[in-house]
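An overview of the molecular structure
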Amino acid sequence: MICLISLKMGEDKMAQLINLRNNIRQFCRKQDEIVTPILKFIWTLLVFTAIRKQFGYSTLANKPEVTILLAIIAALLPDGFLFFMTGMVIALHTFSVSLEVGAVFVVMYTIMYCIYVRFFPNYSYAVLIVPVFFMFNIPFAAPIVIALVCGIGGLVPAVFGVVIYHFSVCTKDIAQLLATNEAENEIEAFKQLSEVLLKNREMYTTALIFAMTILVTSILLKLSYDYAMYIAIAAGTVVNILGSLFAGYIVNQDVETNMVIFGSVIGVVLAIIVRFGQGILDYKHTERVQFEDDDYYYYVKAVPKLDSEKAKKKATKPEKQEKPERQERQERQESAV
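Remember, predicted model here, so these are calculated numbers, not experimental data. (Residues numbered from 1 in each chain as written. Predicted model: local features only at pLDDT ≥ 70, side-chain atom pairs only at ≥ 80, totals over all residues. Heavy atoms only, no water.)

**Some points on the overall build of the protein chain**
If you tally the helices and strands in the protein chain, you get 13 helices and two strands. By residue count, 35% of the 337 residues in the protein chain fall in the buried class. A fraction of 70% describes how many contacts in the protein chain between residues 6 or more apart in sequence connect residues 24 or more apart. When the accessible area of the protein chain is evaluated, it comes to approximately 21000 Å², of which 62% is carbon and sulfur surface. (Helix = DSSP H or I, 4+ residues; strand = E, 2+ residues; numbered from the N terminus. Buried < 20%, exposed > 50% of the residue type's maximum accessible area, 1.4 Å probe, protein only. Contact = heavy atoms within 4.5 Å. Areas by Shrake-Rupley, 256 points an atom, 1.4 Å probe, with all protein chains shown as cover.)

Laid out in structure tokens, this is it:
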């Protein structure tokens, strides 16, 4: 009896949650012109804040009002412009450190664009998710969220994001060495700059963990079975934790297991929130249904009509037009007779 009562209460709460999601979706659909720019502004503000925190060498670009202004501009422009705007801002910071550091970043960012972003511009925002998560000190939550948002297409951008973060760490060390104006420190700074993409074991370890987690989570998420999302998230969490030990063994680099576990747990929570948010922001609310009979499996993609009132008007409009035509035909026949 107690089990039945608790089960009924759970079903009622789930029904209330679904009802809440549908109400929020309906509101967002009606106020799309206001909601979308606000959400984009919050996202772009996080991105430029992360850049300012991880770089922050240019006096002009480091001002909070400039950060807010850039976030407003990026929120009003198409999504593809954010990648170029962030590149320009980071280049301004790196050139403030030295000409060599800025040139290396421009070359590295151009290679990222030519290799992947140029062909898959819809996944460019995944490059920027990683620095944002590093800003909140939960980097290992990023691969689970990226896998849910971008799928397997976010694998390469996530690795690029890891490279950008570790480049920012190297830039910070170089800036400290160059501040002394000693020849030996300048040589050491340029040596670190040349090795940042060649011998950085920590960067390779993090990139490998991210790649394995995104790959496993994305593959399991694409399969058609019950509770696919939850199984994919759980598997991604396990791979994230075990992968830290495995990847650290491969490149002979110690990984902070506590940070990985904490980040994975946060990643699970954020992944569920993101999935719930996708259900709200998916105005088309596309669903994929699977059923079977004795001979076949059927996979159906259901896309509901967005504006039922408009659809009804379109459906009734031909009837109003057909009625006068019938009357005209009848009148012609009567006149002919």
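**A few points about the packing of helix α2 (residues 32–54) against helix α4 (residues 80–97)**
Following both chains from N to C, one finds α2 and α4 inclined at 20°, their axes separated by 10 Å at the closest point. The angle between α2 and α4 falls in the class roughly parallel. Relative to α4, α2 is oriented so that their crossing is right-handed. Between α2, through Trp43, Thr44, Val47, Phe48 and Ile51, and α4, the contact on the second element is made entirely by Leu82, Met85, Thr86, Val89, Ile90 and His93. For the contact of α2 with α4, the class distribution of residues is eight nonpolar, three polar and no charged. (Axes fitted to C-alpha atoms, helices over the stretch in contact; angles between N-to-C directions. Parallel < 35°, antiparallel > 145°, perpendicular 65-115°, else oblique. Left-handed = near helix turned anticlockwise from the far one by under 90°. Nonpolar A, V, L, I, M, F, W, Y, C, P; charged D, E, K, R; others polar.)

**Thoughts on the nonpolar core**
Phe48 and Ile146 are the most contacted members of the largest nonpolar core, which has 59 residues in total. Going through the elements one at a time, α2, α3 (64–76), α4, α5 (99–117), α6 (125–135), α7 (142–150), α8 (155–178) and α10 (201–222) are the ones with two or more residues in this core. It is α8 that contributes the most residues to this core, 10 residues altogether. Ignoring any residue separated from it by four or fewer positions in sequence, one finds Ile146 in contact with Ala126, Ile129, Val130, Gly151, Gly154, Ala158 and Ile214. Grouped together as the second largest cluster of nonpolar side chains are seven residues, Ile144, Ala232, Ile233 and Ala271 included. (Core = buried A, V, L, I, M, F, W, Y, C linked by side-chain atoms within 4.5 Å.)

**Looking at unusual backbone geometry**
Within the chain, Asn137 stands out as a residue other than glycine whose phi angle is a positive 60°. Within the secondary structure layout, Asn137 lies in the loop between α6 and α7.

**Side note on the confidence of the model for the protein chain**
Of the residues in the protein chain, 70% reach a pLDDT of 70 or more, and the chain-wide mean stands at 78. Confidence, expressed as mean pLDDT per element, reaches its minimum in the protein chain at helix α13 (residues 308–336) with 51 and its maximum at α3 with 93. Every residue in residues 307–323 is under pLDDT 50, and counting partners more than four places away or in other chains gives one contact. (pLDDT = per-residue confidence, 0-100.)

**A closer look at the packing of aromatic side chains**
The full count for this structure, using the stated rule, is eight aromatic pairs. Taking the centre distance of 3.6 Å and the plane angle of 10° together, the rings of Phe134 and Tyr165 count as stacked. Placement of the pair is Phe134 in helix α6 and Tyr165 in helix α8, with a sequence separation of 31 residues. Among the aromatic residues, ring-to-ring pairing joins Phe83, Phe84, Phe105, Tyr109, Tyr113 and Phe167 into one connected group. (Phe/Tyr/Trp six-rings, centres within 6.5 Å; stacked < 30°, edge-to-face > 60°.)

**Thoughts on the packing of α8 against α10**
Viewed as axis vectors pointing N to C, α8 and α10 meet at an angle of 155°, and their least axial separation amounts to 9 Å. Here α8 lies roughly antiparallel to α10, going by the angle between them. α8 and α10 meet at a crossing whose hand is right-handed. Residues Leu155, Ala158, Val159, Val162, Val163 and His166 of α8 touch α10, and the partners they reach there are Glu202, Met203, Thr206, Ala207, Phe210, Ala211, Ile214 and Leu215. Along the lines of polarity and charge, the residues of the contact of α8 with α10 split into 11 nonpolar, two polar and one charged.

**Some remarks on the environment of Val132**
Counting through the fold element by element, Val132 comes out in helix α6. In this structure the C-alpha to C-alpha distance between Val132 and Phe48, which are 84 residues apart in sequence, comes to 8.9 Å.

**Some points on the side chain of Thr67**
Inspection of the secondary structure puts Thr67 in helix α3. If near-sequence neighbours (up to four positions away) are discounted, Thr67 is found in contact with Leu45, Phe48, Thr49, Arg52 and Ala61.

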